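Residue-level structural notes
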Amino acid sequence: MAEASIIEQRIAVEQPGKLQSPDGVLDCEIVTLSRRGAQVRLSEPLAAEPRELFLSISGFGQLACRVMSRDGDTAELRFLGDPETQDAVFQEILAHVGDEEGRRRYLRRSVLWPGTLKWGKGQMDCTILNMSLGGAKVALSQERACSGGVTLYGDRFEGLPATVVWQRGRVVGLQFKQAPGEVARVLGNVLPAIRVSA
């Protein structure tokens, strides 16, 4: 069985922010954001290593965080809170400042899993490149025109009916036909970071 590889979704932001500590407020540039934290470029060095900071994002609010590492004028911040809260907050941030990829309706997780795409009387092996509650991106084992209704099978989950929404060479974008809650049930614990939100 192939190993799953979940890669943290990180988006480039490059917008001004503020770091608030007990010692005062420091201007910064938010370089990237992820579910777990942010990378910021500081306008000046932090006076001391504060235990807790608040990162202010324009149009969003403040997030409690701590400094994980510093390299010159760049600091890696880790958001505080449980994973479910971090996921929910990240989705809200994406709605305010995310790029086109980040503004997708459902969070995608990168994977490299063997799969099979079936349609009518045909089928083809594929590699599942990423998945979300709304769809998947797969690479076909050989280039072939693909359209309409298909079913995606993996060695980690039962079949998911889908519609081909785009194709670029061997790479195909699928939109699942089932509701997100049903997709979450089918995936079970395969991708625990992808959950249907309440």
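See the structure above.
A few points on the structure. (Residues numbered from 1 in each chain as written. Predicted model: local features only at pLDDT ≥ 70, side-chain atom pairs only at ≥ 80, totals over all residues. Heavy atoms only, no water.)

1. A closer look at the pattern of salt bridges
Put simply, the test is: Salt bridge criterion: a side-chain nitrogen from Lys or Arg within 4 Å of a carboxyl oxygen from Asp or Glu. Relative accessible area decides the class of each residue, using a 1.4 Å probe on protein chains only: under 20% of the type maximum gives buried, over 50% gives exposed, and in between gives partly exposed.
Considering all chains together, one arrives at five salt bridges under this definition. Ionic pairing is found between Asp 27 and Lys 18, a salt bridge with its closest N-O pair at 2.6 Å. Judged by its relative accessible area of 37%, Lys 18 falls in the partly exposed class. Asp 155 serves as the salt-bridge partner of Arg 156, at 3.8 Å between the closest nitrogen and oxygen. A network of salt bridges, in which partner residues are shared, links Glu 158, Glu 182 and Arg 185.

2. Here's the deal with the environment of Arg 168
What counts is decided by this rule: Only DSSP runs of H or I reaching four residues or more are called helices, and only runs of E reaching two or more are called strands; each is numbered from the N terminus.
The residue Arg 168 is located in strand 11 (residues 157–168) in this model. Separated by 29 residues in the primary sequence, Arg 168 and Ala 139 have C-alpha atoms spaced 9.5 Å apart.

3. With respect to the packing of aromatic side chains
Our working definition: When the centres of two rings from Phe, Tyr and Trp lie within 6.5 Å, Trp using its six-membered ring, the rings pair. Their planes under 30 degrees apart give stacked, over 60 give edge-to-face, and anything left gives tilted. Either the NZ atom of lysine or the CZ atom of arginine qualifies as a charge over a ring when it sits within 6 Å of the ring centre and within 35 degrees of the ring normal.
Applying the stated criterion across every chain, the model contains zero aromatic pairs. Across the ring face of Tyr 153, the terminal group of Lys 118 is positioned such that the distance to the ring centre comes to 4.7 Å. Across the ring face of Trp 166, the terminal group of Arg 168 is positioned such that the distance to the ring centre comes to 4.3 Å.

4. A few points about the pairing of strand 9 (residues 135–140)
Here is the rule: Paired strands, as defined in this entry, are two strands with at least two bridges between them according to DSSP.
Burial of strand 9 is extensive: five of the six residues sit out of reach of the surface. Two strands pair when backbone bridges link them, and strand 8 (residues 122–131) and strand 9 are joined in this way by five bridges, in the antiparallel orientation. By the bridge assignment for strand 9, Cys 126 is matched with Leu 140. Between the antiparallel neighbours strand 8 and strand 9 lie three residues. One ladder, built from five bridges, connects strand 9 with strand 12 (residues 171–176); its direction is antiparallel. In the strand pairing of strand 12, Ala 136 is matched with Leu 174.

5. Structural notes on the nonpolar core
Heads up, the condition is: What we call a nonpolar core is a set of buried Ala, Val, Leu, Ile, Met, Phe, Trp, Tyr and Cys residues that are connected through their side-chain atoms within 4.5 Å. When checking whether two residues touch, look at their non-hydrogen atoms; a contact exists if any pair is within 4.5 Å.
In terms of nonpolar packing, the biggest core is built from 27 residues, with Leu 117, Met 131, Leu 152, Phe 157 and Leu 174 touching the most fellow members. Where this core is concerned, the elements lending two or more residues are strand 7 (109–119), strand 8, strand 9, strand 10 (149–154), strand 11, strand 12 and helix 2 (180–187). Excluding anything up to four places from it in sequence, Leu 117 contacts Gly 122, Gln 123, Met 124, Cys 126, Val 138, Leu 140, Cys 146, Val 150, Thr 151, Leu 152 and Leu 174. Listed in part, the 23 residues of the second largest apolar core include Ile 57, Ala 75, Phe 90 and Ile 93.

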